[in-house]
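Structure at a glance
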Amino acid sequence: MIERPSLLTSAVLACALFACAGSARGAQDFAWWEGEAPAKTNFNNGGFPAKDYPTTRDGLSGGDWLANNAKQGPDPLFATYDVEVPADGTYSFWARKFWQHGPFKWRFDSQEWAQCPRGIALADRYTLAKFVEANWCNLGQVKLTKGTHVFELQLTDVKQGDEGTACFDCFLLTPKPFVPAGKAKPGEKSGKHDDGWFPFEPDLDQFTHGPGKEAILDLRYLNEKSAGDSGWVKAKGDDFVDGKGKPVRFWAVNWVRGTTSQSHEEIDYLAARMAKSGVNLVRFHQNIFDPKATDAFAIDVKYLDELHYCIAALKKQGIYSDISWYYVLGYGDKDKTRHGLEGYENLKGDHHPPFAMMFFEPRMQDMWRAWAKAMMTAKNPYDGLPMAKDPAVMIAEINNEDNLFFHTLNPDNIPPKYWSELEKKFGTWLTRKYGSLDKAFADFPGQKNPHDNAAEGTAEVMAAWSMTSDGALKFGPDKKKRMQNQVQFLAELQRDWFAEGRDYFKKELGYGGLMTATGWCTADDRLLDGIERWTYQACDIIDRHGYFGHGDTAVGSTFRMQTAMYSPNHSCIPFIQEEGFPHTQTEINWFKPNPRTAEMAYLCSTYGALQGMDAWYFFCVGSSYWDPITSNIPVMVPSVVEQSPAYALQFRRGDVKEAPAVVHQVLTLESQFALDGCTKFGSNSDAAARQAGPPDANGAVDPMAPFVGKVTRTVAPAAKIAKGDVPKAEDLSRYIDRDKKTARSITGETLFDWGNGVSTVDTAKSQGVCGFLAKVGTYRLGDVTIESRNEYGTVHVISLDDLPLATSRKILVQAFTEEKAYGWKFAVAKEGDLDAKEYKVTDMGGAPLNLREVDATVSFKAPFAKVTQLDENGYALKPVEAKGSTIVLPRNAIYLVVER
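Residues numbered from 1 in each chain as written. Predicted model: local features only at pLDDT ≥ 70, side-chain atom pairs only at ≥ 80, totals over all residues. Heavy atoms only, no water.

**Some words on the packing of helix H5 (residues 362-377) against helix H9 (residues 477-508)**
Formally: In this description, a line fitted to the C-alpha atoms serves as the axis of each element, helices being fitted only across the stretch in contact, and the angle between N-to-C directions of two axes falls anywhere from 0 to 180 degrees. Here a helix means four or more residues in a row that DSSP labels H or I, a strand means two or more in a row labelled E, and each is numbered from the N terminus. Roughly parallel means an angle under 35 degrees; roughly antiparallel, over 145; roughly perpendicular, 65 to 115; everything else is oblique. In a left-handed crossing the near helix is turned counterclockwise from the far helix by less than a right angle, and in a right-handed crossing that turn is clockwise. Any two residues whose heavy atoms approach within 4.5 Å are treated as being in contact. For this scheme, ten residues count as nonpolar: Ala, Val, Leu, Ile, Met, Phe, Trp, Tyr, Cys and Pro. Four count as charged, namely Asp, Glu, Lys and Arg, and the remainder, Gly too, count as polar.
One can describe the packing of H5 onto H9 by two numbers: an axis separation of 11 Å at closest approach and a directional angle of 30°. In terms of orientation, H5 and H9 fall into the roughly parallel class. Here H5 and H9 pass one another in a crossing that is right-handed. Of the residues in H9, those touching H5 at Gln365, Trp368, Arg369, Ala372, Lys373, Met375 and Met376 are Trp497, Glu500, Gly501, Tyr504 and Phe505. Grouping the constituent residues of the contact of H5 with H9 by class yields seven nonpolar, two polar and three charged.

Pasting the structure below:
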């Protein structure tokens, strides 16, 4: 019989299941069969023939797969196999197939059919050619007896006369956990690595317990026993505080639909793995509405069930949840209907999400309320609480990456009927301000536009470009004045909706958590960033997003070897803190395949703490397994997860002091509406956002200021600014040396040497270096000296027992360099400087992941007794011999533990 995971499956049961992951396996305990060797099939073996794809076959088990690109006849497209099962038992069933093509149903013998949908979660990715990849997917559990069984599959969603594109490489029945790694069978480790690199092929974590069996490196203890045990997390001034009033920071990740749709056992495992790595918050980023339903107000009940299980599983690991449930880019379908929103079918192009409609269109808002109510009030069958009443559901988001100040505000994106509604609202707003539309138009006579009609009460709303510096400030005073009015109108409209959404959750639905709204950026942050963030003040949190670099991972795609270490002010690390609010960045990553991404975790932890960031969310986790770097923004890679122990601990424990404000700006809301401008730091992965901002009433701000201390600002109506709230600016020349290209923090704990591309952190409990290590070579810190011959990487030394390094009895030494897929190759595509030089991917490579060898030593001032190398999961592996007070780091070590 086919067995579904128990609804009460817990992380404890998952840990027991995975406990045997590292044990030796014989051929007798699993069944593996090749897709290209069916007993019967009507597939035509077309689509990706060996003659057209000769170089890809090495990535396939057995060198081939069963393929089809023929049209379906009167009978379903099918294949059957005779499978020899080694013993009675319950097996996990896996299939390796072509991406999300070829949804199918399957069964053993005459058991009931089970489904593999098009959107099945993919546990790994292996690229065979451009747009052609093989992926493992977990199809659940099946109970079978020893002996021969018939396995049958049939393609679904294919009608007679339609082409059924599908490929199957191999299948697996295993009674034990399986680590997907290309064509490798259970227990196989290839050991493949390029010169100067070592293979990264860890077992699934066993989560063992008992004397001598525990992981030496495990941050689960930082979390509550169960998330929400102390009550609701609150916003208090600039901080988050837990239910007991204690300030708390969050090291977070994003889960998407492919993550949540895994089996319960896989979710339990992933939750435990995240907690062990220091994660205490997960953001679920997936639309809750049902895009296939004819009912506009329907939600996706399957996803809601997945979400409920994930929340319950994470709660058991002390991990809170953040619900991102409305993403405008995910709304819509191929025939352009929008559930009763008219006119999208007449717009040019194939895909027009309802940008901006949430802020002013009643039907869109009604749908939003219906989705929110269904989601927040439904009882969670796995823990008995609706989300609205569950303190583990820490944050609910009003929307994601939709606002009124980006270029998506454009009549090309919004049907005329609704654009006219927006212009009617603008006319009403101007009438209220001026007394009549005629008086309003008279105030900017040189800007009479075709849609202006005083008799009909409409005033033209101009596309977002007209609110930029180029669009608003270069066409005379009338254009500027008109845009000043439009900006204020849109800002109030946006803030009012955020306030309405907040009140709906808190007052109507009884939600006890925090509310936030997230936007990407504005069309011109130099003019509009202060206004955009002011609208977020209707909620509890100020949020932003930011990605660094440029690149994609497919063969033929280009990327840049970008690094923030030579231009830290161009990254998405520096920010301005709005006074009185906690700050989060719910999406951040460094683009792959650039291998120089080790710096991200270091910079987030070190300079995030210095500046007062309250939560970093890395985007995004694809599955419970390691990503072979076929995604350009992976999280399940060593540079993020394996580096988390040191950097999550440093960030969450508060090892790096939060700095006082070295710059404080006071901007009246009136000045922002007047388009006087504001300061903006960092980038959102495009060069246009790389500015420190124009000089304004507060004066220009050094772009390296956030690496000295906090940069804060007040944006409020003049009448509401407190008398003591005045601009402030430290003499930053005492901390920033432009000739040497260094910035020292006001706390004295961090130094950024952007001339050499390195940064150091030196606190009582945490000391380390990041960047182009060989440039300087030797780094003398408070309690340790670090020497490295690696061109690039990180070496970090941190106390594990919460004592200063000088007296700590258990210390982690964590080292990391670069990561890539084995065999990955690239060539120069375009010459240029460090940031502009482009490379082209010539070979994606494949399993296993490779890490560049470590070449470093760490010397301690205080003596120590014992050094142990840990494996990738934090368990003791072998002793390491020290030379006096100096440890030569093993070339294949990420973790060492030093004991006194």
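**Overview of the sheet that holds strand E11 (residues 147-155)**
Strand-to-strand pairing in sheets goes through backbone hydrogen bonds, with the strands running parallel or antiparallel. How we decide: If DSSP finds at least two bridges between two strands, the strands pair.
Spatial ordering of the open sheet is given by E3-E5-E11-E7-E8, a layout of five strands whose pairing is antiparallel. The two strands at the open ends of the sheet, each matched to only one other strand, are strand E3 (40-41) and strand E8 (114-116). Both strand E7 (residues 104-108) and E11 contribute to a ladder of five bridges, which runs antiparallel. What sits directly across from Trp106, in E11, is Leu153.

**Here we look at the pairing of strand E22 (residues 542-548)**
Filter applied, for reference: Only protein chains enter the accessibility calculation, which uses a 1.4 Å probe; a residue whose area is less than 20% of its type maximum is buried, one above 50% is exposed, and one in between is partly exposed.
Buried residues dominate E22, accounting for seven of its seven residues. Across the two faces of E22 the burial is the same, with Ile542, Arg544, Gly546 and Phe548 and Asp543, His545 and Tyr547 all buried. Where E22 and strand E25 (residues 583-590) come together, seven bridges link them in parallel fashion. Opposite Ile542, over in E25, you have His583 as the bridge partner.

**Notes on unusual backbone geometry**
For the bond from Phe619 to Cys620, the omega torsion is -5°, close enough to zero to count as cis. With respect to the helices, strands and loops of the structure, Cys620 is situated in strand E26 (residues 615-621). Phi at Glu401 takes a positive value of approximately 50°, unusual for a residue other than glycine.

**Here we look at the confidence of the model for the chain**
Defined as follows: Each residue gets a pLDDT score, which is the predictor's confidence in that residue and runs from 0 to 100.
Looking at the chain, pLDDT values average 91 and 93% of them are 70 or higher. Contacts for the low-pLDDT stretch residues 1-27, under 50 throughout, to residues beyond four places or in other chains number 62 contacts.

**Focus: the packing of aromatic side chains**
To keep it simple, the criterion reads: Pairing of aromatic side chains here covers Phe, Tyr and the six-membered ring of Trp, requires ring centres within 6.5 Å, and sorts the geometry by plane angle: under 30 degrees stacked, over 60 edge-to-face, intermediate tilted. By the criterion adopted, a ring carries a charge over it if an Arg CZ or a Lys NZ lies within 6 Å of its centre and within 35 degrees of its normal.
What the rule picks out here adds up to 65 aromatic pairs. Three or more aromatic residues joined by ring pairs form one cluster here, namely Trp33, Phe43, Tyr81, Phe93, Phe104, Trp106, Phe108, Phe151, Phe168 and Phe171. For the cation-ring pair, Lys105 lies above Trp113, with the distance from its terminal atom to the ring centre recorded as 4.6 Å.

**Describing the sheet that holds strand E13 (residues 197-200)**
Spatially, three strands are ordered E13-E42-E39 in an open sheet, and the strand pairing comes out antiparallel. Lying at the two open borders of the sheet, with one neighbouring strand each, are E13 and strand E39 (819-822). Pairwise comparison of adjacent strand axes, ignoring direction, gives a mean angle of 45° for this sheet. Judged from the four bridges that link them, E13 and strand E42 (residues 846-852) form a sheet pairing that is antiparallel.

**With respect to the packing of helix H6 (residues 416-434) against H9**
Their axes nearest at 10 Å, the elements H6 and H9 cross at an angle of 110°. Relative to H9, the element H6 lies roughly perpendicular. On the side of H6, the interface is formed by Leu422, Lys425, Phe426, Trp429, Leu430, Lys433 and Tyr434, while H9 contributes Arg482, Asn485, Gln486, Gln488, Phe489, Glu492 and Leu493. Here the contact of H6 with H9 is built from residues that sort into seven nonpolar, three polar and four charged.

**Points about the nonpolar core**
Heads up, the rule is: In this text, buried Ala, Val, Leu, Ile, Met, Phe, Trp, Tyr and Cys residues form a nonpolar core when linked through side-chain atoms within 4.5 Å.
Among the nonpolar cores identified, the biggest contains 174 residues, and Trp251, Trp255, Phe284, Trp325, Trp371 and Phe505 are the most heavily contacted of them. Sort the elements by how many residues they give to this core and H9 lands first, with eleven residues. Not counting chain neighbours up to four residues away, the residues in contact with Trp255 comprise Thr260, Ile267, Leu270, Ala271, Met274, Val282, Arg283, Phe284, His285, Cys310, Leu314 and Val621.

**Thoughts on helix H3 (residues 264-276)**
Just so we agree on the cut-off: A helix is expected to span 1.5 Å multiplied by its residue count minus one.
In this model H3 runs 18 Å from its N-terminal to its C-terminal C-alpha over 13 residues, within 8% of the 18 Å that 1.5 Å per residue would give. Across the 13 residues that make up H3, a large majority, 13, are buried. Once H3 ends, the next one or two residues include Gly278, with phi positive near 105°.

**A closer look at the side chain of Ser745**
Keep this limit in mind: Contacts described as polar in this section are N or O atom pairs within 3.5 Å, which, within protein, must combine one atom able to donate a hydrogen with one able to accept it, while residues neighboring in sequence count only if both atoms come from side chains.
In this fold, Ser745 is placed in the loop between strand E31 (742-744) and strand E32 (750-753). Among the polar contacts made by the side chain of Ser745, one reaches the side chain of Thr747 at a distance of 2.9 Å. Leaving out residues up to four positions away in the same chain, Ser745 has contacts with Leu610, Phe707, Val708, Tyr735 and Thr750.

**Details of the pattern of salt bridges**
Close approach of charged atoms allows side chains with opposite charge to pair. Condition: Whenever a carboxyl oxygen of Asp or Glu lies within 4 Å of a side-chain nitrogen of Lys or Arg, that contact is scored as a salt bridge.
This structure, assessed with the given rule, holds 45 salt bridges. Asp366 is paired through a salt bridge with Arg369; the nearest N and O atoms lie 3.1 Å apart. Of this pair, Asp366 and Arg369 both sit in helix H5, three residues apart, roughly one helical turn. For Asp366, a relative accessible area of 40% translates into the label partly exposed. Between Lys481 and Asp443 there is a salt bridge, with the nearest N and O atoms lying 3.4 Å from each other. In this pair, Lys481 is assigned in helix H9 and Asp443 in helix H7 (residues 437-443), connecting sequence segments 38 residues apart. Residue Lys481 is classed as partly exposed on the basis of its relative accessible area, which comes to 32%.

**Remarks on the pairing of strand E10 (residues 132-144)**
Of all 13 residues in E10, twelve are buried, a share of seventy percent or more. In the sheet, strand E6 (residues 89-98) pairs with E10 via nine bridges, with the strands oriented antiparallel. From the neighbouring strand, Phe98 faces E10, where its bridge partner is Ala134. Pairing of strand E9 (residues 126-129) with E10 involves three bridges; the strand directions are antiparallel. Within E10, the residue paired with Thr127 across the bridge is Glu133.

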